[in-house]
Amino acid sequence: MSEYRDETMMLKTPFHSRVEAANELNEWDGWSGYTTPVAYTDVELEYFAIRNSTGVFDLSPMTKYRISGPDAEAYLNRLVTRDVSKIKIDRVGYVIWCDDEGQMMDDGTLFHLGKNDYRLCSYTRVMDWMSWAAMGFDVRIVDETSEVAALAVQGPTSCACLSAMGLTGLEELKPFGIKRFTFADTELMVSRTGFTGDLGYELWIEPQHAEALWDQLFAAGKHYMIKPIGSSALDLARIETGFLQAGVDFVPAQDTVRIGRSRSPFELGLSWLVDFEKPVFNGRKALLKESVEGSSYRLVFLDVEGNKPAANSFILVGPEQVGTVTSAAWCPTAKSNFAFAQVEAKYAEVGRELIAEIYYQRELHWTRLLAKCTVVAAAPFNPPRRRQTPAPMC
Amino acid sequence: MTDYDVIVVGAGHNGLVCAAYLARAGRKVLVVEANQQPGGGAATREFADGFSVSACAHWLTHLNPEVKRDLALEHHGLTLAARDLDSIGLDPGGQHVTVKGDSVDGPSISTGDKAAYQEFHRMTLKFSSLLANAFKLRPPKLVAGNFSDRLNLARLGLGMKLMGKQDMSELLRLALINIYDVMEERFDNELLKATLSFDGVLGAHMGPRSPNTVFGYLYRRVGDVYGFNGPAVVRGGMGGVGAALVEAANSHQVVCRTGVAVQDIMLKADRARGVRLVGGEEITAKLVVSNADPKTTFNKLVGLPNVETGLARRVKNIRMQGGAAKLHLALDGLPEFKGLSAQQLGQRLVIAPTMNYIEEAFNPAKYGEYSTAPAMDISIPSLHDASLAPAGKHVLSAIVQFAPYALRAGWESEKDKFKSLVIARIAEYAPGLEQLVTASELLTPVDLEQEFHMYGGHWHHGEISLDQIMFMRPFPGATQYGTAVDGLYLCGAGTHPGGGVMGLSGRNAAREIIKRGNLA
Amino acid sequence: MDSRTCPWHALRFDTGGHVVKKYDAIVIGAGHNGLTNAAYLAKSGLDVLVVERNSYIGGATVSRELHKDWTYSNCSYVCSLLRPEISRDLELPRHGLQVVPYGGGITFMENGDQFGNFRDHERQYREIMRHSPRDANAYDRYSADVTKQTRLIRPFLLRTPPDPTSLKPRDLKELAMLARAFTEMGEEGLADTLKFWTMSVGDYLESFFETDVLKAHLAGSGIIGTALGVYSPGTAYVLLHHYMGDVDGTVGAWGFARGGMGAVSAALAKSLQAYGGEIVCAANVDQIMVRNGRATGVALKDGTEYHADIVVSNLDPKRTFLDIMAESDLPEDVVNKAKNFKIRGSSGKLNIALDGLPTFNGVHPDSTLMIGDMHFSDSLERLERAYDDWKAGAWSRDPYCDMLIPTLTDPTMAPPGKHMMTVFVQYAPPLINGREWTDEDRDAFGKTVIDQIGNYSPDFKDLILHAEVRTPRELEAEVGLTEGNIFQGELTFDQLLFNRPFPGYAQYRGPVKGMYMCGSGTHPGGGVMAAPGANAAREILMDLKRPNTVPGAYADD
């Protein structure tokens with residue numbers, strides 16, 4: 001075999017040596033070109049680490065852009081649908097952005113790091129769109145994905161773990177707040193954010209300190225049952241708490257090639273993120289129109305009868321197909337059979353009963369199940385600890 | 001309460017036409033113009049003491065007769081010093097080719113070519129008539145069209161069908177093809193081919209071999225449909241058009257303020273509410289109509305941060321880099337061109353000996369270099385209008401191609417070199433010319449941009465090629481004169497039908513505004 | 001007759017003399033479209049004969065041994081556009097055709113760096129990141145946009161273009177389908193599509209990218225086989241033409257036919273023969289015979305006559321109407337249209353036998369990038385300047401090369417460890433400054449190309465065992481393509497869809513009753529697609545009121 005390698009080959013995150021050592025199953029996947037674990041030991045145990053103790057997820061492949069310069073705030077305000085000026089320094093905002101047609105390109109978290117200094121974290125890559133959007137603004141946009149190592153530390157004991165590591169005062173940090181600590185003579189930034197709907201934090205540090213951070217975190221968290229988690233457990237947690245995933249629950253508008261496959265924030269139930277009172281932003285005109293004329297689709301949460309996950313199911317009203325399921329799972333903590341589905345707007349009111357056409361297989365035998373399901377207002381998992389400040393220690 | 005119903009930014013000919021039509025329909029209209037002289041590209045310029053010349057366009061070839069009649073331009077002082085001029089393709093040896101309306105002549109022209117030209121003229125005129133029909137309509141929307149869009153589409157479709165199967169299929173082919181091939185298919189005489197094909201690339205970033213250049217030729221021939229049997233010279237220079245338009249506008253109580261530059265178009269959210277002048281004065285209006293090109297309008301007047309990104313991207317992608325320069329010479333006497341009579345000197349003179357000559361002139365423009373052997377369209381207007389030069393003296397004006405806007409070496413250092421080269425090239429046909437020159441100036445596309453506020457120094461406010469016409473002009477989403485900014489309209493040559501002193505962009509925009517009725 | 005030059009041994013050779021047998025249909029030219037057309041006619045039960053001028057079949061779709069133990073795909077050299085519907089329907093895999101996808105592609109840069117084209121999305125992203133983070137992301141938008149345009153056009157490949165001047169129900173129905181496909185896109189989508197079809201590939205790419213080498217790498221597809229430059233309006237569509245194909249559902253992917261492109265024609269020939277069709281080689285058609293306004297058969301140069309009520313020409317429109325048909329048999333407009341048909345020689349070809357694998361600066365010999373198309377033009381300006389040379393009647397001093405080493409994929413084409421290289425070269429004019437090519441010109445042209453490759457590969461020249469240099473002259477003389485135009489006519493919009501080959505004759509029917517066209521000069525054009533041949537067969541069967549044997553296009557992908 002050739003020993004040939006080049007810089008275009010698969011990337012490893014700054015935590016890779018630790019991740020690899022912990023990955024007992026040796027199950028890997030790719031995420032934005034980085035080798036990432038699907039699961040380390042057992043998906044279910046990892047999931048329960050998130051809900052019962054602390055799960056640690058290597059977030060480094062997350063796309064990260066640094067946006068700075070005199071017009072940074074104005075620029076971002078034109079880019080995203082909510083009013084960025086309301087996100088104070090050292091606060092994080094959940095933001096979405098649309099194209100001119102008011103179709104969702106992606107969602108992400110916007111970190112206000114300093115005056116006219118922001119970090120935008122997203123699932124998809126948006127350098128192209130952000131560069132076009134920068135015309136006429138004095139702003140600098142840098143892709144810093146590989147320059148920042150990140151860990152998500154999530155679960156009821158997460159604050160305890162991090163406090164045990166020496167991050168004193170963290171319990172006072174409010175949701176979506178940012179606090180800075182010194183770690184190994186460098187800055188460790190902690191934000192109270194996450195993708196699990198639970199108490200949790202995200203840690204941001206220079207890559208060369210990543211391994212030390214991992215080691216200290218796991219040493220400090222030992223007695224709090226800290227565990228590394230893979231993408232499968234995280235996916236389960238985000239469904240249970242109702243978080244959308246780009247590419248799964250909607251197609252980023254810039255990636256669609258077929259007519260009518262993109263969705264607007266209204267259709268995805270994100271109208272609370274659209275602020276028509278602020279200055280011009282991308283999609284404003286189209287969204288204003290939609291707010292008057294109504295939407296075609298609506299992403300709904302479904303409580304599905306029985307215990308068979310409705311993954312990839314058709315949603316029926318009588319014999320007619322009115323939608324499809326985008327994400328579904330049996331939620332172990334909430335004990336709920338939960339699904340997200342995109343349905344025609346007229347079938348989306350809360351309390352509406354629909355049918356999910358579920359196919360499941362046991363010993364190569366496929367069963368078709370027509371399961372009743374009900375449109376519900378919210379996801380089943382939403383514990384008080386997610387919001388409490390000071391944060392609970394267990 | 002606003003100060004005006006409508007403010008038109010820019011007193012170019014389209015801005016004035018638009019303003020006059022709106023005022024005629026009872027609107028209270030203000031026109032603001034940065035330059036002292038109204039008319040925009042239709043301007044006269046005294047470039048040397050006592051010597052004046054049309055600074056940008058130098059022929060009147062396209063003025064729409066309906067606009068002329070509606071606005072009574074002749075009544076308001078528009079006078080032609082000469083009209084229906086011939087185009088003479090200059091031959092270095094004096095064997096010139098003369099194109100007059102529907103016939104061609106010259107010692108080297110065969111009877112075959114003469115007949116072929118007549119047939120060609122018949123056919124192109126037929127196609128140009130179809131174009132002329134499309135020119136006077138708002139470009140229809142193809143998908144989301146309303147009743148009038150569908151009617152317009154049906155009219156255009158019917159017009160094509162009525163041409164007959166043969167001509168219709170020939171049009172479908174020709175519209176996409178290059179003029180080089182069409183010339184090769186139809187004619188033998190090299191100079192004739194070159195002279196005709198130059199019309200297909202005038203003011204364009206294209207050579208005769210570029211596809212779409214037949215369209216450019218047909219575009220030109222729309223002037224013939226309008227009754228111009230060849231170019232015309234306006235008395236007092238092209239500024240005469242601007243002056244007549246101002247008179248016409250004034251007669252309808254349009255207020256014209258010249259010498260006041262607009263700082264920006266004032267917005268409230270995404271609605272235009274007036275203009276702010278340089279110096280800070282604010283004037284409000286129900287509508288703002290921009291006669292500036294679409295890039296200047298959005299980049300500078302509206303500001304890209306105030307529009308959505310997709311629109312900003314569309315604006316960025318408009319192709320409008322000027323490739324033509326303008327040469328003005330003050331002459332101590334009448335130059336002598338080899339083989340040209342005094343009568344012929346007053347015609348339109350074309351330096352483009354072969355199609356390959358034009359093509360080779362174009363090649364360097366693609367790489368940011370000027371032509372070392374440029375093609376030219378020359379006018380000596382003082383032969384028709386003595387007011388342009390002191391007695392016994394003359395002015396010569398030439399459109400010179402190609403001189404790219406973004407010259408790699410920079411125009412600063414290259415301009416004089418280029419000017420000498422251009423004069424020397426003319427002198428090959430007019431020996432002794434250099435000795436007659438008492439003053440000269442060359443306006444590069446950069447100068448034209450400065451002078452006339454047109455982005456890229458592009459005469460047509462955007463390349464006229466198939467990807468930028470009709471429902472693609474200036475860009476999808478702004479093709480019916482209205483824009484994504486409520487209350488902001490475009491009326492310049494950047495909109496359908498495009499450049500040339502035609503007046504239709506301004507007229508169509510005014511009609512659209514009037515039709516939409518709401519000044520809210 | 002050297003049987004080895006004939007990849008399908010069961011062929012019959014013309015032996016002269018009069019043939020009494022009358023066929024149902026005669027197809028002139030055993031290129032891939034002729035064979036496809038004949039196969040579908042035979043499949044419907046017609047008695048079909050294909051007459052081929054050369055001693056081998058395939059036209060420009062051939063594998064030839066021009067150097068001992070080396071197989072050259074000496075004309076067309078890669079496969080993508082071949083419609084999968086046809087491949088499957090004519091059972092080409094069973095008849096020996098196997099297409100293996102490329103591994104990647106590369107453009108070498110003058111500064112020693114390169115741009116790699118990877119199949120894997122993430123790897124491609126990282127490769128572009130090296131050049132520009134913005135472009136790395138813009139590439140996704142570009143791919144989506146090209147896919148949009150491709151999806152629009154693909155359903156029409158296996159359909160007969162409607163005549164927009166006609167009021168026949170079928171034409172109106174097809175026009176309505178076309179209109180529906182367009183209106184679905186919405187106002188701005190439609191305008192964008194019309195822009196795309198009329199703009200230059202250079203302008204199109206500049207609306208996405210800032211990196212010169214990336215633009216240059218992609219722009220190649222906009223000019224291959226076309227006598228236009230990257231800044232000529234209309235070339236964006238040509239780019240699309242190269243993206244329309246697929247290898248096993250990967251749209252836009254290209255592949256190698258195992259055994260060379262001759263494998264395509266060999267499989268088609270076997271399919272044809274399995275349906276009972278016949279092929280006769282070394283049969284040089286002199287004229288299509290016409291009596292009382294009807295085609296009656298073909299007369300060969302040696303005097304042989306074959307008779308049939310249906311005569312199908314796979315030759316390009318110029319050869320069909322100006323060479324093998326009498327002007328007196330044709331309406332005047334067809335003769336004029338054929339004369340004015342744009343079919344320009346713009347390319348040449350080198351086929352090179354190599355003693356080993358050449359090494360290239362800056363790329364590892366094991367890199368997957370080598371298993372695909374390689375180029376040396378790293379900017380749009382260099383590409384455009386190459387075109388300027390052509391316009392001036394010379395071959396490009398700094399040509400655009402589409403170079404492949406098929407033997408990195410196909411073990412059958414050269415001895416183990418040895419390699420075969422195919423180099424498609426653009427631009428090469430049909431005439432040098434108005435005069436014919438000479439052997440000296442040809443050799444100098446070859447040297448230009450070899451020198452260019454040598455600039456990037458230090459050991460390349462030493463490895464050359466044999467090189468075949470083909471200019472438009474050779475392509476015309478051997479394959480019968482006018483001016484050596486590989487697409488049987490420019491793929492510009494004035495010659496596409498209902499304009500191909502000419503307005504009024506785009507539905508495969510010639511101006512003479514019983515006479516048809518099935519070559520790449522008809523819709524949807526060239527590129528070893530086999531669609532023209534299939535579409536023409538469908539029209540012929542319709543005229544004969546026989547059941548259709550030609551498959552429709554696969555649905556949405």
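Residues numbered from 1 in each chain as written. Chains lettered and ligands numbered in written order. Predicted model: local features only at pLDDT ≥ 70, side-chain atom pairs only at ≥ 80, totals over all residues. Heavy atoms only, no water.

### Focus on the overall build of chain B
Heads up, the rule is: Helix and strand definitions follow DSSP, with helices as H or I runs of at least four residues and strands as E runs of at least two, each counted in order from the N terminus. The globule rule used here is 2.2 Å times the number of residues to the 0.38 power, and the radius of gyration it is set against is calculated over C-alpha atoms. Throughout this description, buried means an accessible area under 20% of the type-specific maximum (1.4 Å probe, protein chains only), exposed means over 50%, and partly exposed covers the range between. The contact rule is simple, with two residues in contact once any of their heavy atoms fall within 4.5 Å.
Within chain B, the regular secondary structure consists of 17 helices and 19 strands. Against the compact-globule benchmark of 24 Å for 520 residues, chain B has a radius of gyration of 22 Å, which places it among compact chains. Dimensions of chain B, computed from C-alpha atoms along their principal axes, come out at roughly 70 × 60 × 45 Å. Taking all 520 residues of chain B together, 66% fall into the buried category. A separation of at least 24 residues holds for 73% of the contacts in chain B among residues at least 6 apart in sequence.

### Structural notes on helix H11 (residues 309-316) of chain B
Among the 8 residues in H11(B), 7 count as buried, and that is most of the element. Among all positions in H11(B), only Thr309(B), Gly310(B), Leu311(B), Ala312(B), Arg313(B), Arg314(B) and Val315(B) are buried. Looking at the packing, one finds that the buried side of H11(B) touches helix H3 (72-79) and helix H4 (127-133) of chain A, helix H10 (294-303) of chain B together with helix H4 (133-153) and helix H6 (186-198) of chain C.

### Examining the side chain of Glu46(A)
Residue and element names in this part refer to chain A. Applied cut-off: We count Lys and Arg on the positive side and Asp and Glu on the negative side, and we leave His and both chain ends out. A pair is scored as a salt bridge if a Lys or Arg side-chain nitrogen falls within 4 Å of a carboxyl oxygen belonging to Asp or Glu.
Among the structural elements, Glu46 can be located in helix H2 (residues 43-52). Here Glu46 sits buried without a salt bridge, and the closest side chain of opposite charge, Lys227, lies 7.0 Å off (N-O distance). Each residue touching Glu46, except ones within four places of it in the same chain, is listed here: Ala39, Tyr40, Thr41, Pro228, Ile229, Gly230 and Ala233.

### Here's the deal with the domain arrangement of chain A
For an interface, size is often stated in terms of accessible area lost upon the parts coming together. Residue and element names in this part refer to chain A. Put simply, the rule is: As used throughout, domain bounds are those supplied by an automatic or database domain assignment. Put simply, buried area is the surface a 1.4 Å probe can reach on two separate parts but cannot reach once they are joined, added for both. As used in this structure description, the phrase polar contact means that two N or O atoms lie within 3.5 Å; if the pair is within protein, one of them must be able to donate a hydrogen and the other to accept it, and residues adjacent in sequence are counted only when both atoms belong to side chains. Note on residue categories: nonpolar means Ala, Val, Leu, Ile, Met, Phe, Trp, Tyr, Cys or Pro, charged means Asp, Glu, Lys or Arg, and polar means any other residue, Gly included.
By domain assignment, chain A separates into domain 1 (16-60 + 148-241) and domain 2 (296-379). Across the contact, 8 residues belong to domain 1 and 11 residues belong to domain 2. In total, about 760 Å² of surface goes out of reach between domain 1 and domain 2, with carbon and sulfur atoms giving 67% of it. Counting the contacts that link domain 1 with domain 2 gives 0 salt bridges. Put simply, domain 1 and domain 2 have 4 residue pairs in polar contact (both at pLDDT 80 or more) between them. Mapped by element, the contributors of at least two residues to the side of domain 1 that touches domain 2 are H2 and helix H7 (231-241). Looking at which element gives the most residues to the side of domain 1 that touches domain 2, the answer is H7, with 5 residues. Residue classes in the side of domain 1 that touches domain 2 are distributed as 4 nonpolar, 1 polar and 3 charged.

### A word on the sheet that holds strand S7 (residues 117-122) of chain A
Residues and elements named next belong to chain A. Going by this rule: Here a strand pair is declared whenever DSSP counts at least two bridges between the two strands. Axis definition: a line fit to C-alpha positions, over the contact stretch in the case of helices; interaxial angles, taken between N-to-C directions, run 0 to 180 degrees.
Strand order across the open sheet formed by 5 strands is S5-S6-S7-S4-S8, with antiparallel pairing between neighbours. Both edges of this open sheet fall to strand S5 (92-98) and strand S8 (140-143), since each of them pairs with a single strand only. When the angles between neighbouring strand axes are averaged without regard to direction, this sheet yields 30°. Bridging between strand S6 (residues 104-114) and S7 involves 6 bridges; their strand directions are antiparallel.

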